[in-house]
Amino acid sequence: MNPFANKHLLLGVTGSIACYKAADLASKLRQAGAEVEAILTQAAQQFITPLTFQSVTGRRTFVDADLWGAAGHVIHVSLAEKADLMIIAPATANTIAKLAHGQADNLLTITSLAARCPILIAPAMDGGMWDNSATQANVQLLKARGVTFFGPVEGHLASGLRGVGRMTDPADLAGHIRYQLSRGGPLTGQKIVVTAGGTQEPLDPVRVLTNRSSGKQGYAIVQAALDLGADVDLISSPTHLPIPAGANLIPVKTAGEMLEAVLAAIMDSSALVMAAAVADFRPAHPAEQKIKKENTIPPILLERNPDILQTVGFLKHNHQYRGLTIGFAAESQEVLKNAAGKIRAKKLDMIVANDIGAPGAGFEVDTNQVTLLFPDGRQEALPLMGKEEVADRVLWEMMRMMGVEGASSG
Ligand code: PMT
């Protein structure tokens, strides 16, 4: 489910050096599937041209001169009416002040006053201007009226100084917009817990035993659940991936920490999706100090880690946990037989079996080839597809089992 599909976004651009980032943002939003229309203030046009936005949005860009054109008497109303979300990025201190006090002296501020859709503001200005009590009071006033602010963030400013005043990065803003647009989806009000990444079991303060999980499959599940409107707890070991906007990150390292986090998170959840590759064993006696190579080569004694899904299965059996449990199985031989065994042993509602020996499937890559297995013996083999598509299929099956409207008919 793409939250940007059929969404009409109105992008207001005001006079700041960060205008170039607004063009990037407009391009990202359009590529994500939204229809984007931009309004530039006169000051914004000192930094960037309407043609730039027309080029990246594929639509006409509006300026103050349009207020006095043939449709001038209604243009602000028609732009405001169409919008599902209005974004003002970058927003100067001056425009924020005008919005706070209801001033309407250009097409952007007039349209903002007419807008009934949510408004999201990404400020950009000098650090002193942002800190100024007048600006802060205006921001508070707008927040109290339901306007959402993202940023500004700290960093290098146009003045050459460092401070809080930079516009939020367009990729982060696009993520926040995606999250905002997804609210109200079919999983609204449902909490989904997802685990991702490979756990790390310490050998000494420097070294860990881990595996090749990148977290990509788990993070794709998180994004898909957010896109469907769910509240998502992401229990993740360290990865190199950005946290999907809106996810509640619970960072863990070891299997023991993951077990604790899962047990704390699931009780008010509708489903647990365990995409993490959890280490089955850990060093029994991790060294307190770094093991020196000058010493003799140490034998490493392993002990068993707790099985998280089996523990949850036990809670389920005792009616202490009522949500769905979905596991993944990374198998290199007898894939379906082994996965089916895990459904029974872990009392799962579904298992997603990946044949990690198949080209383009399993750890690290962007694609996966999986078979979905169910307790009644049903199996559904899926072709090689992107991990995002696998995530969509897994969540569609999850919604079907939850009885979420729209999922049962396909
Ligand atoms: O992260 P990527 O690079 O994108 O790779 C994705 C993936 C291959 C890691 C993922 O798709 C996957 O298969 N994850 C599960 C890997 C795994 O640990 O499989 P398993 O067969 O060892 O475990 C079966 C299930 O039990 C899993 O859901 C696992 O999270 C869970 N488990 C395992 C061990 C343990 N001690 N506790 C558990 O709960």
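Quantities reported herein were computed from a predicted structural model and do not represent experimental measurements. (Residues numbered from 1 in each chain as written. Predicted model: local features only at pLDDT ≥ 70, side-chain atom pairs only at ≥ 80, totals over all residues. Heavy atoms only, no water.)

Student: Which parts of the structure should I look at to understand the side chain of S182?
Tutor: Within the fold, S182 resides in helix 9 (residues 170-182). When its relative accessible area of 4% is taken as the criterion, S182 is described as buried. A distance of 2.7 Å separates a polar atom in the side chain of S182 from the backbone oxygen of Y179. S182 has contacts with P3, L226, D227, L228 and G229, leaving out every residue within four places of it along the chain. (Helix = DSSP H or I, 4+ residues; strand = E, 2+ residues; numbered from the N terminus. Buried < 20%, exposed > 50% of the residue type's maximum accessible area, 1.4 Å probe, protein only. Polar contact = N/O pair within 3.5 Å; in protein donor to acceptor, adjacent residues only side chain to side chain. Contact = heavy atoms within 4.5 Å.)

Student: Sorry, what's going on with the packing of helix 1 (residues 19-31) against helix 3 (residues 50-57) here?
Tutor: For any two helices packed against each other, the geometry is given by the interaxial angle and the distance between the axes. Across the interface, helix 1 lies against helix 3 with an axial gap of 8 Å and an inter-helix angle of 20 degrees. The pairing of helix 1 with helix 3 is recorded here as roughly parallel in orientation. In the crossing of helix 1 with helix 3, the sense of the turn from one axis to the other is right-handed. Packed against helix 1, whose contacting residues are C19, A22, A23, A26, S27 and R30, the element helix 3 presents T52, F53, S55, V56 and T57 at the interface. A class-by-class count of the residues in the contact of helix 1 with helix 3 yields 6 nonpolar, 4 polar and 1 charged. (Axes fitted to C-alpha atoms, helices over the stretch in contact; angles between N-to-C directions. Parallel < 35°, antiparallel > 145°, perpendicular 65-115°, else oblique. Left-handed = near helix turned anticlockwise from the far one by under 90°. Nonpolar A, V, L, I, M, F, W, Y, C, P; charged D, E, K, R; others polar.)

Student: Would you take a moment to explain the site of the ligand for this structure?
Tutor: Looking at the ligand, there are 27 residues lining it, with S213, S214, A276, K342 and E364 nearest. With respect to the ligand, the backbone of A276 contributes an N or O atom lying 2.7 Å from an oxygen atom. E364 places a polar main-chain atom, nitrogen or oxygen, 2.7 Å from an oxygen atom of the ligand. Calculation on the ligand without its partners gives an accessible area of 770 Å², and the protein chains cover 96% of this total. Looking at the shell around the ligand, the elements that each hand over two or more residues are helix 10 (216-227), helix 12 (308-317), strand 16 (324-331) and helix 13 (335-346). Here the shell around the ligand gets 4 residues from one element, more than from any other, and that element is strand 16. Taken together, the residues of the shell around the ligand break down into 12 nonpolar, 8 polar and 7 charged. (Near = heavy atom within 4 Å. Areas by Shrake-Rupley, 256 points an atom, 1.4 Å probe, with all protein chains shown as cover.)

Student: Explain the sheet that holds strand 19 (residues 370-373) to me, please; I cannot follow it from the model alone.
Tutor: Backbone hydrogen bonds are what pair the strands of a sheet, in a parallel or an antiparallel way. If you trace the 8 strands from one edge of the open sheet to the other, you get 12-11-8-13-16-17-19-20, paired in mixed fashion. Each edge of the open sheet carries a strand with a single partner, namely strand 12 (248-251) and strand 20 (379-381). Across this sheet, the average inter-strand angle for adjacent strands is 15 degrees, counted without regard to direction. When strand 16 meets strand 17 (residues 350-355), the two strands line up parallel, connected through 6 bridges. Bridging from a neighbouring strand, A329 pairs with A353 of strand 17. (Pairing = 2+ DSSP bridges.)

Student: Is there a simple way to think about the nonpolar core in this case?
Tutor: Across soluble globular proteins, nonpolar side chains have a tendency to be buried as a group. Judged by nonpolar contacts, the single largest core of 36 residues is most densely connected at I221, V273, L372, V394 and M398. Elements with a minimum of two residues in this core: strand 8 (191-196), helix 10, strand 11 (231-236), strand 13 (271-274), strand 16, strand 17, strand 19 and helix 14 (387-402). Here this core gets 7 residues from one element, more than from any other, and that element is helix 10. When neighbours within four sequence positions are excluded, M398 is seen to be in contact with L187, I192, A271, V273, L324 and I326. Counting 31 residues, the second largest nonpolar core, distinct from the first, contains V63, I87, A122 and M167. (Core = buried A, V, L, I, M, F, W, Y, C linked by side-chain atoms within 4.5 Å.)

Student: What is the right way to read the packing of aromatic side chains from this model?
Tutor: Given two aromatic rings, one states the distance between the centres and the angle between the planes to describe the pair. Scanning all chains against the criterion turns up 0 aromatic pairs. Its end group placed over the ring of F374, R378 keeps NZ or CZ at 4.0 Å from the ring centre. (Phe/Tyr/Trp six-rings, centres within 6.5 Å; stacked < 30°, edge-to-face > 60°. Lys NZ or Arg CZ within 6 Å of the ring centre and 35° of its normal.)

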